[in-house]
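Now for the letters of each chain:
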Amino acid sequence: MHHTREIPREGWADYLALLSNLERDHWVRIETESADFGDQPLAGRLPLVEIGLESKGSDRGAVEIIVGRPGGEVTHRVLKPDHIYADESESGELECLDIEDADHVKTLIYFEPVRASEEPGIGAPS
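Residues numbered from 1 in each chain as written. Predicted model: local features only at pLDDT ≥ 70, side-chain atom pairs only at ≥ 80, totals over all residues. Heavy atoms only, no water.

Asker: Requested: an account of the packing of aromatic side chains, with residues and values cited.
Answerer: The relative placement of two aromatic rings is captured by the distance of their centres and the angle of their planes. Applying the stated rule across the entire model yields 0 aromatic pairs. For the cation-ring pair, R29 lies above Y110, with the distance from its terminal atom to the ring centre recorded as 4.5 Å. For R45, the ring lying beneath its charged end belongs to W27, and the centroid distance is 4.8 Å. (Phe/Tyr/Trp six-rings, centres within 6.5 Å; stacked < 30°, edge-to-face > 60°. Lys NZ or Arg CZ within 6 Å of the ring centre and 35° of its normal.)

Set out below in structure tokens:
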């Protein structure tokens, strides 16, 4: 049984910083869902580099997600996030982070378990 909880807006920066540290180099997939464009894959099975909340500049308040390897990184920004939900397994492991923006577009970040034979950076598929 999955458990979904909303992350309170005032806790976004701390939650994303902690998540970025705990999940760095873990495999993720990123997709968007919207009524206008349907489901769109953005990044498939790449190591997480960083996820955080922009604290200054014109993108202040945006969520920035960076995945990939040095020299081949993919960056996605959710410019006007409205809600952040964490979908967790029975054991409390994060399975999906759902970031919904003001236009009802969802960015879904799926966290995949790392298999012993394919640690990111050590013989991992490209």
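The discussion continues.
Asker: Summarise the pattern of salt bridges; cite the residues concerned and give the values.
Answerer: Scanning all chains against the criterion turns up 7 salt bridges. Of the charged contacts in the structure, one is a salt bridge between E112 and R29, with a shortest N-O distance of 2.6 Å. Of this pair, E112 sits in the segment after strand 8 (106-111) while R29 sits in strand 2 (residues 27-34), placing them 83 residues apart in sequence. For E112, a relative accessible area of 18% puts it in the buried group. Overall, R29 belongs to the partly exposed group, its relative accessible area being 27%. Taking the shortest distance from any N to any O, the salt bridge between E64 and R77 comes out at 2.6 Å. On the criterion of sequence distance, the pair formed by E64 in strand 4 (residues 63-67) and R77 in strand 5 (residues 74-78) is long-range, its members being 13 residues apart. (Salt bridge = Lys/Arg side-chain N within 4 Å of Asp/Glu carboxyl O. Helix = DSSP H or I, 4+ residues; strand = E, 2+ residues; numbered from the N terminus. Buried < 20%, exposed > 50% of the residue type's maximum accessible area, 1.4 Å probe, protein only.)

Asker: Give me the environment of A86: which residues, what numbers.
Answerer: Mapped onto the elements, A86 comes out in strand 6 (residues 81-88). A C-alpha to C-alpha distance of 4.8 Å links A86 and L97, two positions 11 residues apart in sequence. Beyond its immediate chain neighbours, meaning those up to four positions away, A86 contacts H3, T4, R5, I7, Y15, L94, C96 and L97. (Contact = heavy atoms within 4.5 Å.)

Asker: Help me get a handle on the pairing of strand 6, residues and values and all.
Answerer: Across 5 bridges, the pairing between strand 1 (residues 3-7) and strand 6 is antiparallel. Bridge assignment links I7 to a residue of strand 6, and that residue is I84. Pairing of strand 6 with strand 7 (residues 94-101), which is carried by 7 bridges, proceeds in the antiparallel orientation. Paired with P81 across the bridge in strand 7 is D101. In this antiparallel pair of consecutive strands, strand 6 and strand 7, the connection spans 5 residues, and G92 shows a positive phi of 90 degrees. (Pairing = 2+ DSSP bridges.)

Asker: Can you tell me about the sheet that holds strand 8, naming the residues and giving the values?
Answerer: The antiparallel open sheet is built from 8 strands, whose spatial order is 1-6-7-8-2-3-4-5. Edge positions in the sheet fall to strand 1 and strand 5, since each has one partner strand and no second. Averaged over all adjacent pairs, the angle separating strand axes in this sheet is 35 degrees, with direction ignored. Running at roughly 90 degrees to strand 3 (residues 38-53), helix 1 (residues 12-23) makes contact with strand 1, strand 3, strand 4, strand 6, strand 7 and strand 8 of the sheet. (Axes fitted to C-alpha atoms, helices over the stretch in contact; angles between N-to-C directions.)

Asker: I'd love a proper account of the nonpolar core, names of residues and values included.
Answerer: Membership of the largest hydrophobic core comes to 22 residues, with the highest contact counts inside it found for I51, I65, L97 and I109. Elements that contribute at least two residues to this core include exactly helix 1, strand 2, strand 3, strand 4, strand 6, strand 7 and strand 8. Setting aside chain neighbours within four positions, we find L97 in contact with Y15, L16, L19, I51, I84, Y85, A86, T107, L108, I109 and F111. (Core = buried A, V, L, I, M, F, W, Y, C linked by side-chain atoms within 4.5 Å.)

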